[in-house]
Structure formats: structure tokens, C-alpha cells
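# Coordinate inspection notes
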Amino acid sequence: MPRMNRPNRVTHWLSHLTLLLTLLITTWTGAAQAGSCAAVACVAAGPRLLSVDSQRSVILNALFQGLLGGGSLNLSAADWNAIANADVNLGLFLDALQAGAGVGTTREALDADVTVLKVLDVAAQAAQTSGNTAAVNALNLLRPAVSGLNGTIRLGDLLKLEGNSAAFLTSQVNLLNLLTGSAQLFNYRNALTTPTPVTLNPVGVNLSGLGLGVNTVTPTVKVYLQVIEPPVYRCGPQGTQFNTAAIRAKLNVDLGGTQLNVLGVAGAKLTLTTLDLYLEVAKASGTIGTIDAVTRALSLDAQPGVAQLGLGQISDSVFFNRSVANPFASLTQAIIGTVDLSVRVTPLLEVPIVLNVKAKAFADGTYPLATVSAAPPYPRTYTVGSSSAAVGTLVGTLLTSLGTPGNLTLELRDPAPLVPTALLTSTITSVTSGVLSTLGAALQPILETVLMATVDQVLRLLGIGIGEAVFTVGGAGNVCTVTGVLYHDRQPDGTLNAEDWDGPASFVNAVTGGRVQGSAGVPAGPGRFTLALAEGTYTLSVARSAAATTAEKPAGFVFVNPVSGTSTVTITAASTSVPEQTFGLFRGDRLSGEVFRDDGRGPGGAAHDVARQGAETVLAARTLTVSGTRAGAAVSRSAVTGTDGTYTLFVPGDWSGLTLRTDLSATETLTGLRLNGAATLAGDVSDPAVREYALPAPSGADQTLNAGLTGRATLSPDRSARGEAPLTVRYAHTFTPGTTGTVSFAKSGPFSGQVYLDRDCDGTVTQAERTPVGSVTVDDRWPRLPDGHLAGCALEVQVTVPAGTAVGTVETALVTASLTWANRPAVQDLASVTDTTTVTAGATLVKTVENRTRGLGVVASAVDALPGDRLRYCLNVRNPTADVLTGVTVSDALQGVAAYVPGTLTLEGVTLSDAPDTDAGEIVLRTVTVRLFDLAAGATQQVCFEVLVP
């Protein structure tokens, strides 16, 4: 029946394996359904878990010497326990191995030919990194014994990390088991001659009660070991097979001339000298059965290896020749001792003789398959069969084989001329059965004890037993096949549209914990890839090499979907499938960035530097166009900024002569462009270097290009006026600065002029704002529209025509607003209007009066008035010319003592305020003033007011 054992402290390298069971054998990976998941388990067939005492430390020293072919080892029990109790992270070990072997990936490191010394140094480096100084010191004691070994091993023959190695990188490797496995590998690959013997501790055999005349025998045993098949540790799904090492052992049993009574033959003595036993224990093997990834329970079908045992003689060149499949076919008799007895020739003559005992025997044992049920917690060790039971049966079969005719013969050692031939023959015949019985009685306990000592002291250190299989379940979990496609997204639209991969050979790497846990190559063609991944969360990255832990764009390409070139896959114990992963790439450049108003708005904002700061706003619905040629034909692509001001343009790799144009309105200009952090600033408001910006040739790069826009300064509209000299005309304009900076105003022409600015930008230049301005600073205090534009403000240009100016004189004045950009004094933006002033013959004025108290309705040039009468004066202004008169102002000073009646001032019947303000009239210091501004040809306007006669 199977037995279950808890592991000792010295754990197998799989014992700390958690549930990262990504390793799958290649055949399963190829056959698994795309995107499907399957439960897997990790199982090691030996070595048996152990601790090292003082006796075993001696055996370990000898064992390593034997497997490695010599050298001198003298490690103490404390040294071996320091190694046996040391567990190091396998990822650290493989990293150090990768560096030591000078290769780029875990797979290459496992496949590299390395010396045992290299393995030792790498293990010491991993132990040092883990802070285990005691293990480092003990490992260094092994260096002299292995430094002279020239043969190499491949650790991939021991650690079967086919497919994805993530299952192992987070697990722990036990240093003793790593070294014993490495020693077995070295022996398998390099030991071609007779091995160096291992001398066992003496064992006492109790022969009392057998009538053999001896109570105890203490044979000396030397064991010559050869590994004919190395151990293999595997992880995989149901059906995965695993095995221990297969061992050939030659046992030289020195019985030291032990003399035994020959049973049934009085006076005869059997002297046993040296026995050569030949033992081959085939690999114990097993198969992983059903696995439940959720509960972690599983079953194992396991079978101990066939044991073959021979007594006699086999040439070392045959037995230790791995190419000889059945060395026992060459088994011949060997002298194992002598028989001393006397032959009575006559009643008076008794002749002593010595017979050589020549023997050969063979036995094999096969052992049944057993099913083991395993359940967490892991690791757990399970044992199938029993060496103690199997050894007795095997020895019994061997000794039974001695009775086969021709297997046991007695031959006269020295001539005996006094003994007749017939008598000699009959004597030998009669003694043979007694010798056979004696050998059976004596060798049964002797060989059982010797073989069990061999198993306990040597083979168990390698995880091997006769009729026994020991397996350690490291863990169980779920593994999913992750499939996907790498494709050339020619649109590009982020969608796979029957597109293939025509780029360079690439890789899709599964990364977790900063390590590549699996990699799939993707050559040109369909672009499909497959990965086997265990439970956990992985970042899948497109890369140029199998060792890359971050995404790398293939030469000439950029990532489209996903734009990072990575995706995340999470696998749990309950996962049954994984969605297909797709990676779309475009051959050429991706040009992306933002367009914004570069006017320094808000705290921290800096204008005109093509770097969005402060509260500078992004601009939506702006079109950017890349133009070039392909195969001699003109080509172009455009993109429009979104509400966040960003855009993306894909530029094919076979385009050349590229320029970028940013579409602008008539009232906008570019402050510059910033490509990958390097700014090209506009030299002026129409600089062609930024309006038709030259782009580099596409190379598979992600280019970031930001565009700064700002408004143009505007001044409108053009104005004209006609009037009689002297004349004062105010031309109303709207000034919009467009961006921040300093504005200077100027007017040309012979007539004097002043510029007034509507400083609060409420649309009207008030009397209080009629302070002449020559320049003004436009900064963050300037009013803005809701969309962020700088607001347009009213601007008055007052032109004064002096008296005496000849009729027909025309001034065409250019009024300019010159804006110097903030932070960019070399850039100026000029806005202008034309104000045309024409001197005409002028208007006519007729003044009438009406006595509102007593002469109501009578309007004349003069009326009679008494004290207390109210008089209404009207000034009738007429334009007799054929042109519009502009800027006509009517003034009338009150004469005498008459007093103005407040609130009676009107223009065309509409009441005007008395005070100077925003309307057209006022009375100041008894002078009535009303501004008519424009007076149409032939038109008349009337200004009226009342006075009181005192």
C-alpha cells in the first residue's frame, strides 16, 4: 500500500513551489485548445528528503567523490547540514547562472554547458544574495574537489522547464538536492570508466542460531556507482510523466575469510572471501493523474523501478558501459570462497582437500503500479512500495537461482593425486548440496543487510530504493494557453481586419515580478503566438528579444492597439479560458500632440513659448495635415483635434518630403511648434518655417508635436467723415489684441489726433476714458470672452481740423496698432485702419425763439418777453451739401441774465442730460453743446433748450 510521509526540514527544490505552475510540456502546449485552461501539478521523483548526521556526512563525502570521479572531500556534518538546510530563490539562481553563462535568457542558461564548479559558484552567489553565509562557507569547501573537473552538465536536463518557466522562478531550490542532482548529471555525461568506490560504514550481521558456527560477521562493503539515466523533475497536466535516476551499483563485499560450518557435511568448513554483487535499479516512474485546480487535489500513478541483482562476475567495461542495455547477459561465475574437507581414501588414509566455490546467480524484481491521492498542504512526500520488503524477496530469488544447474560449482583448488577421480567426483557432488544450503542460510541475512545498508547509506541520498518509489508533490494549480495575433494595422484603426504580420521577427513576453516568465516568437506571417501561463497576473509585452521585460517596438513600427504595446492577463484557479490577445502595429510614425492658445493666460502662464502652462486653453476642431510624396505621387493625411485639444496622425513609413500644416483662420497665427521637446519658434507672424513645418522621415517613432496658436491683432472698421472747419471728429473702432504684449498706437496725416481706449471694454469710450493713450500693455488683466479669446474693446480716434482749412481738403490717416509679443520682442503684429476726413462747406444754422408763457405757437427770430416768461430757443442745423457731414457740433452761449431751465435740452425731441456724460449734449458754464456727428445731405437736425427771464 502507498505510504504518505511528511517532508523533513531539508526540502526538495519544488517544496516551496506555490501555485505558480506555469510549466507545461511542449506536447501539451501544442495540443491544448487555444485560450483553454488545464490543471497542472509539479512532481519530483526523489530525492528523498533527509537531514545529515555524522555518519551520513562521511558517506556524502565519499558519494560525491565517487560520482564526480575523485577528488578529496572532508566536509563535516555541520557543513552538510548548512547546505541541506539552505533554500535559495530559483529565480536568483537562474539569474546568476544566466550571467555566469553569458547568455540572455533563462532557457539559454538551462541549455548552456557549464562546469560543476560554475554550478557551485552560482549556488554560492544565490545563497550570498539570500544572506545565508553558513551555506556560502560550506559550498566554498567543495570548490577544491570540483575545480579540476573538465566535464560539463546542462541543468536543463534536471530542471525540465519546457515551455514557460514561471512555475520555477518564484520557487525555492534546495542546495543539497541541486548538488546531488548536478553530481548525478555529471556522472551520467562524463563518467565513462569504472567509478571511484564509496566505502560504506561496517555493518554487523547476526548469524547466530543458524548452526554455522559463527554468531556475527561484519563485512566491508565498497560501492561503485554509475548513473545510467539522470533524474527528471517535471510540471505538467494530466498524463505528464516523471522519473528518478536509474543507477548501476557494483558492491564489493569483503567477508574477510569468514569460516562457516557446511550444513550436513561433518568437518567441512566454508570460507567466504569476497562477493561481487551487481545491482541495477531502473528509474522509478510515475504519471500525473487527475488534477483539481481549485481544490489542488490530484492523483498519481507511480511504480518503483525494476531491480536486477547479480552475483558473480561482470567485466567493468561491460557493466559500466551505458550502451550495454543488459549487462547481466555477461554474468559469469566468480570464486566466492573455498571449502575445506577431508576425503577418506582407505580406512587408514584421509586426504585433506580444498575446493574453490564458484557461483553466479541472478534475480530481478518487478513491482506493481500504485495510485496515490494527494491533497494540500504541499509539499508532501509519498512513498510507493518498501525497500525492506523488496530486498528480502530479491535476495531470496537470487539465492534460489544458485540452485540452477551450472550456477554453483565446486572445483579442486590444488591437485590431489592420492584421491581417485571417481571418489573425488562423488565427494564434490555430495558436498555441493550442503554448500548450497550453507550459502542460502548465510547469504540471506548477509546480502539483505548489505543491500539495505547500500540503500540507506547511499541510494536514499539519491532518492532511489529497491522496490520503492518516493515522490514529492510540490503543488498544483491552473495553467492557461494564451493565444493571440501580432498584426500590421495598415488603416490604422485598432481593429484586426484580416491583416498579417510583415514586420521583423518579434516576441510576445509574459512578465510578472520584473521577470520574463514566458516568451513566444512571432515570425513574419500569420502573426499568431501561444503562451502557457500559470495562475497570476501577467503583463504581455511585444518586444524585440525574449529577454525584454518591457515593451519594445519592432524596428520601423509603432504600437496602435494597445498603444502601450502591452496587455494584462489574469489567471485564477477557476479560469477556464482566456480571451485572445491582439496587438496592432503600424509601419511608420505616430505624430500626436495638442494644439493650444499660447498667450500666457493664468498664473504661471508664459506666452509664446509653445509650452502649455497656467490656464492656457486647448483648442478643439483644429485641422493638422501632413503632406509628402510616395512613389512620386502627392499624398496627405489630416487629423482634427478633439475637445481636449489633442490629435493623432499616422505617417506611413514609405512617405518622404514631409511637411505639417496647421490650418489657421485669418485672425490666428502660430507661435511655434515643439517636436519631441525641441521648440521651433515663429520668427514673425507669418513665418513659413512653422506654417509649412518640415518633419523627419518616418522611422517607426512616436513623435510628439505640440502647436501653439494665438490671435492676430485686429483694428476695424475703416471710417470716414466730412465737415466744416474747424471740425472735431471721433472715429469709433474696435481693437482686438489677439495675444498678450505691448501695443503702440499711431496716426498719420496733417490733422492732429488722439487715441482713446475703452479700458473697461464695455463697448463705449466714456468721457472719463478720454485720456489719450500712446501704448498699452495687454496682459492677464485684459478682458476675455467666454471661449478664452481676448476681448475686442472700443477705440476712438479723435481728429481735429483747424479753422481756416480750405474746403475740399482731405486727410487719409493710417491709424496703426503695433503689438509686440510678450516674451518675444522680435515678433510684432501690425493692425491698421484708415480714417478719411474731408473738409466741406459746412452746415447752416438758423436760431429761432418761442415765448412759451404768453406767445405759445409763435416762432420767430425774436420775441417780446417779460420777467418770469419762459423762452424756448431752437438751433436748426441743415446740411446744404451733397455729402454727409460728420462731427458737426452745435454750441450756443447764453447771453444776458436769462437762466437755463434744467432738463430742457433736447436733440430732435429727445431729452439730453445737462451734465457731460455719454449722451450727445451738455451745458457747462452757460454754454450749450450738442454733437450731431453725422448729418446727411440735405438733412436738418434741431437742438432746443429753454431759459427763464428774471
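Everything in this summary refers to the structure shown in the same document. Because the structure is predicted, anything quoted here is derived from the model rather than measured. (Residues numbered from 1 in each chain as written. Predicted model: local features only at pLDDT ≥ 70, side-chain atom pairs only at ≥ 80, totals over all residues. Heavy atoms only, no water.)

### Here we look at the sheet that holds strand 12 (residues 241-243)
Strand pairing in a sheet relies on backbone hydrogen bonds. The paired strands run either parallel or antiparallel. Here we have four strands laid out as an open sheet, ordered 12-15-16-21, and antiparallel in their pairing. Here the strands that pair on one side only, and so sit at the sheet edges, are strand 12 and strand 21 (370-374). Neighbour-to-neighbour, the strand axes of this sheet turn through a mean angle of 30 degrees, independent of strand direction. Taken together, the five bridges between strand 16 (residues 298-303) and strand 21 define a ladder with antiparallel strand orientation. (Pairing = 2+ DSSP bridges. Helix = DSSP H or I, 4+ residues; strand = E, 2+ residues; numbered from the N terminus. Axes fitted to C-alpha atoms, helices over the stretch in contact; angles between N-to-C directions.)

### A look at the sheet that holds strand 28 (residues 536-543)
Spatial strand order, 26-25-28-30: four strands in an open sheet with antiparallel pairing. Of all the strands in the sheet, the pair left with one neighbour each is strand 26 (515-522) and strand 30 (566-571). Strand-to-strand, the axes of this sheet are offset by a mean angle of 25 degrees, without reference to chain direction. With five bridges joining them, strand 25 (residues 506-512) and strand 28 adopt antiparallel strand pairing. What sits directly across from N509, in strand 28, is S541.

### What to know about helix 4 (residues 90-101)
With 12 residues, helix 4 extends 16 Å from end C-alpha to end C-alpha; this agrees with the ideal 16 Å at 1.5 Å per step. Every buried residue of helix 4 is listed here: L90, G91, F93, L94, A96, L97 and Q98. At the exit of helix 4 stands G102, carrying a positive phi of roughly 70 degrees. (Expected span 1.5 Å × (residues − 1). Buried < 20%, exposed > 50% of the residue type's maximum accessible area, 1.4 Å probe, protein only.)

### Description of the nonpolar core
Proteins that are soluble and globular tend to have nonpolar side chains buried together. Judged by nonpolar contacts, the single largest core of 130 residues is most densely connected at F93 and V339. It is helix 12 (residues 421-457) that provides the largest number of residues to this core, a total of 14 residues. Core analysis: the second largest hydrophobic core is formed by 34 residues, A721, V729, V755 and L819 among them. (Core = buried A, V, L, I, M, F, W, Y, C linked by side-chain atoms within 4.5 Å.)

### Concerning the state of the cysteines
Chemically, a disulfide is nothing more than a covalent bond linking the sulfur atoms of two cysteines. Considering all chains together, one arrives at three disulfides under this definition. Across the disulfide, C874 is cross-linked to C944 (sulfur-sulfur distance 2.2 Å). The sign of the 110 degrees torsion about the S-S bond sets the C874-C944 disulfide as right-handed. One end of the pair, C874, is in strand 51 (residues 870-878); the other, C944, is in strand 58 (residues 940-948), with 70 residues separating them in the sequence. Each of the two residues, C874 as well as C944, counts as buried. (Disulfide = S-S within 2.5 Å.)

### A few points about the side chain of R380
Among the structural elements, R380 can be located in strand 22 (residues 380-385). Of the side chains with opposite charge, D292 comes closest to the buried, unpaired R380, at an N-O distance of 15 Å. In this structure the side chain of R380 is engaged in a polar contact, spanning 3.4 Å, whose partner is the backbone oxygen of A375. (Lys, Arg positive; Asp, Glu negative; His and termini not counted. Salt bridge = Lys/Arg side-chain N within 4 Å of Asp/Glu carboxyl O. Polar contact = N/O pair within 3.5 Å; in protein donor to acceptor, adjacent residues only side chain to side chain.)

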